[in-house]
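# Inside the fold
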Amino acid sequence: FLPIISMIQKSFLSPETGAFTFNNYKTIFTDSVYQVATSNSLYLSFASTIIGLILSFFIAWAVNELGKNGQSRMLSMLNMVSNFAGLPLYFSFVVILGNTGIFVLALRAIGIQLSTVFRLYSIQGLLLMFIYFQLPLGSLMLVPAFQAVDSSWKEAAEILEASPFQFWTRIGIPVMLPSLLDTFALLFANAITAYATVLLLVTTSIPLLPVKITTMFTGEMTPQKEMGSALAIWMIIIMLAVICICNLLKKLTYKGGEQV
């Protein structure tokens, strides 16, 4: 708690005089630079979390359908890929989808200009990279959740002539809802705090909260630790808000361990 307490204290200090002030937080909500950084971070975090959660659901479902040996291999692979971030992830995407990447050159050779619809060094590229590193973590979180869905329920649903869609929408997904909400909160926190990959791909050309926070402490400009602390607290508040909303949804959906 000491770093958080220190940040809270510094966030209410004036950079010029060291006196108590609310101006740092006022700047966050009034300065367009910080407004854009917040909106970009929220867009990338929510978009990558929602898309990543949906894709992770199907990946986890496929893994759960495998035998024990297949599950063990796939879980080991997902665990390995979940650590594939930062510089290795950046380098891989540049080699494949950069301006002279393999995939880009291959499409150009057959007359397709990918740059007209997609650019890696943009918010589109960041979103693709965010989704990529969300998938292994989301899948690892959801694989155990599928084990809570009893196979006898599926058999009973089939006997009652329920379609697979009806089973998953009325039984499977509601049973898995707590795990889905927990996974959503974790993926959101994972996305909004992503830093290394962002800095390597777009440096500071696309304002994001983690990058802005870092430049306040270690950038080439004069250090503004007070403003950096305020931005860090603002990012923590956003994360806590999403986590609290997910917990509230779980409580509203389930009372006393039973679904409403």
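Residues numbered from 1 in each chain as written. Predicted model: local features only at pLDDT ≥ 70, side-chain atom pairs only at ≥ 80, totals over all residues. Heavy atoms only, no water.

### A closer look at the confidence of the model for the protein
Taken residue by residue, the protein gives an average pLDDT of 88. The fraction at 70 or more is 96%. Here strand S2 (residues 258–259) is the element of the protein with the lowest mean pLDDT, 53, and helix H3 (residues 32–65) is the one with the highest, 94. (pLDDT = per-residue confidence, 0-100. Helix = DSSP H or I, 4+ residues; strand = E, 2+ residues; numbered from the N terminus.)

### Here we look at the packing of aromatic side chains
Aromatic rings considered in pairs are described by the distance between their centres and by the relative angle of their planes. Enumeration according to the criterion identifies 14 aromatic pairs in this entry. Ring plane angle 50° and centroid distance 4.8 Å describe the contact between Phe46 and Phe188, whose orientation is recorded as tilted. With Phe46 in helix H3 and Phe188 in helix H9 (residues 164–192), this pair connects stretches of sequence that are 142 residues apart. Looking at Phe46, the relative accessible area reads 33%, which means it is partly exposed. Ring centres of Phe57 and Phe58 lie 5.7 Å apart, and the angle between their planes is 90°; on these two criteria the pair is classed as edge-to-face. Three or more aromatic residues joined by ring pairs form one cluster here, namely Phe57, Phe58, Phe146, Phe167 and Trp168. (Phe/Tyr/Trp six-rings, centres within 6.5 Å; stacked < 30°, edge-to-face > 60°. Buried < 20%, exposed > 50% of the residue type's maximum accessible area, 1.4 Å probe, protein only.)

### Comments concerning the packing of H3 against helix H12 (residues 225–253)
Running from N to C, H3 and H12 point in directions that differ by 35°, and their axes come no closer than 12 Å. As H3 packs across H12, the resulting crossing turns out to be right-handed. For the pair H3 and H12, contact is made by Tyr34, Thr38, Leu42 and Phe46 and by Met227, Leu231, Trp234, Ile238 and Val242, respectively. When its residues are assigned to classes, the contact of H3 with H12 shows eight nonpolar, one polar and no charged. (Axes fitted to C-alpha atoms, helices over the stretch in contact; angles between N-to-C directions. Left-handed = near helix turned anticlockwise from the far one by under 90°. Contact = heavy atoms within 4.5 Å. Nonpolar A, V, L, I, M, F, W, Y, C, P; charged D, E, K, R; others polar.)

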